[in-house]
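Architecture at a glance
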Amino acid sequence: MYCALIYILYALISVAGTCAIKQHNFPPLKNDNLLRAARGEPVDRVPVWVMRQAGRYLPEFQEVRKHHDFFTVCRTPELACEVTMQPLRRFDLDASIIFCDILVIPQALGMIVEMHAGVGPVFPEPLQTPADLAKLTPEGAVGRLTYVGDAITMMRHMLEGRVPLIGFTGAPWTLMGYMIEGGGSKTMAKSKAWLTDYPEDSKMLLSMLTNAIVDYLEMQVKAGAQLLQIFESSAEHLSKEDFLKWAVPYLKDIRDKLDERLKQQSIPVVPMTIFAKGAGHSLKEQATLGYDVIGLDWTVDPVEARKEVGPNITLQGNLDPQDMYKTPVEIRALTTEMVRKFGKDRYIANLGHGITPQTPIISMETLVDAVHKAI
Ligand code: 1CP
């Protein structure tokens, strides 16, 4: 009797979970090469997208930014979808990534984040000592990010199944760094001092961020995100030992907890990418975390990387964004060489970090075309 009740309850929860996804009634995918590559299935062509593909190198993005503040664009689904769509109108890309920023999580935790022209993100009141942790408001954080879910759902409809939609988040260590440094930093001196001087408080902050990230990613999947990328952009500041201690356990936790959360609700798990910039020293370890795709920066050799991660992980990357300032002939040659080194299977072409603001449009056109023609 007791068992039957539990079973009925479980079935009800499952149906509710499935409905949470199905009720959107999204159009079917026409180009699923990105998802196929992520799952290790054969592709029609090597999929390509570019980190920060919606951004300042596009004049139409600059135009939107003339009229709207950065975070207003993130918080207004119509504007977020418009800029998400901009690169797809120009280039034959195989994925879209929802326009937002990794710093919306610190905002949802109660911190003020401003975007200053020519500077980047600025936190007027960064975390200075562990006492400041009490000011953070983790309860209900995901409820303050529903605008991202709304943009994702709207975008899935706007895409009409043309390409998959990627959702994303910053990883705990990277977010902790911004919250303590108060913005971008060349050294991460203050955040590293936290790891040494306040190890228990650092763990508390990283765990708080991990929990917020899991809630946030769950919300993104329910809203319609078809692949999730975790940006651990500040991994480059950590030694291998510190990366394994302060980044890896939380990255693993995110994947495990999200999988469990989705399975409990019978929501299909989506592929996940870990992009830990500067952590080419730990590819073997990254391959054990349960992620489907590992993003590589340009310092890693494709053939070496494949040896490290084995055959069952998809690799993504990794042209040097500075190569985009070379001539189209050179870009084509470098891209063709890169795709041949990675091979057609289990590969997603991308840059090794975000595209930079002065990149010529023709470089993007060349990159995308060269990837599709390489093999
Ligand atoms: O004024 C402007 O328009 C600001 C430029 C800008 C843009 C276009 C910022 C400020 N963020 C974004 C969008 C953004 N940020 C996307 C959009 C989706 C896409 O098309 O790819 C994504 C994925 C991000 C993620 C992000 N934000 C990362 C991780 C990726 C990476 O580059 O390492 C990081 C570190 C940030 C913080 C951030 N936001 C903006 C800037 C300039 C920065 C970096 C600051 C620094 O540390 O130097």
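In the block above lies the structure referred to throughout.
Not measured: the values here are computed from a predicted model. Going along each chain's sequence as written, the residues are numbered from 1 onward. Reporting of local features is limited, given that this is a predicted model, to residues whose pLDDT is at least 70; pairs of side-chain atoms are given and counted only at 80 or more, and all residues count toward the totals for whole chains, interfaces and linings. Each side-chain value is derived from all of the structure's non-hydrogen atoms; neither hydrogens nor water enter the calculation.

So, on to the site of the ligand. Taken together, 23 residues sit near the ligand, with Arg52, Arg65, Tyr178, Ser233 and His353 positioned nearest. For the ligand, the accessible surface in isolation is 890 Å², of which the surrounding protein chains cover 87%. Grid points spaced at 1 Å and placed over the protein atoms alone form the basis of the search, with a cavity being a set where a 1.4 Å probe fits but cannot get out and a pocket an open set showing protein on both sides within 12 Å along at least five of seven lines. Lining residues have an atom within 4 Å of a point. Molecules are considered to sit inside a cavity or pocket once more than half of their atoms lie within 2 Å of its grid points. Taking a 2 Å distance to the grid points as the criterion, the majority of the atoms of the ligand fall inside the largest pocket. Considering only residue class, the shell around the ligand consists of 14 nonpolar, five polar and four charged. Proximity criterion: a residue is near a molecule or strand once any of its heavy atoms comes within 4 Å of it. Note on areas: these come from Shrake-Rupley sampling with a 1.4 Å probe, and a residue is covered only by the protein chains present in the view. Residue classes follow a fixed rule: Ala, Val, Leu, Ile, Met, Phe, Trp, Tyr, Cys and Pro count as nonpolar, while Asp, Glu, Lys and Arg count as charged, and any other residue, Gly among them, counts as polar.

Moving on, we come to the packing of aromatic side chains. Aromatic ring pairs are described here by two measures, namely the spacing of the ring centres and the angle between the planes. Aromatic pairing here means that ring centres of Phe, Tyr or Trp (its six-membered ring) are within 6.5 Å. Orientation follows from the plane angle: under 30 degrees is stacked, over 60 is edge-to-face, and everything else is tilted. Using the criterion set out here, one finds seven aromatic pairs in the structure. On the numbers, 5.6 Å between centres and 65° between planes, the contact of Phe70 with Phe99 is edge-to-face. One end of the pair, Phe70, is in helix 4 (residues 70-75); the other, Phe99, is in the loop between strand 1 (96-97) and helix 6 (104-108), and 29 residues separate them in sequence. Taken individually, Phe70 and Phe99 each receive the classification buried, so the pair is uniform in this respect. Ring centres 4.2 Å apart and planes at 10° place the aromatic pair Phe342 and Tyr347 in the stacked group. The same class applies to Phe342 as to Tyr347, namely buried. Secondary structure elements follow DSSP: runs of H or I no shorter than four residues count as helices, runs of E no shorter than two count as strands, and numbering proceeds from the N terminus. Here the term buried applies to any residue with accessible area under 20% of the maximum for its type, exposed to any over 50%, and partly exposed to those in between, with areas from a 1.4 Å probe on protein chains only.

What follows concerns the layout of surface pockets. Grid points are joined across faces, edges and corners, and a volume is the space filled by probe spheres set on the points. The volume enclosed by the largest pocket comes to roughly 1500 Å³. Considering the residues around the largest pocket, the lining is formed by 46 residues, among which Arg52, Arg56, Asp101, Pro121 and Tyr178 are closest to the centre. For the lining of the largest pocket, the secondary structure elements donating two or more residues are helix 3 (59-67), strand 2 (114-116), strand 3 (120-122) and helix 8 (172-181). Broken down by element, the lining of the largest pocket gets its largest block of residues, three residues, from helix 3.

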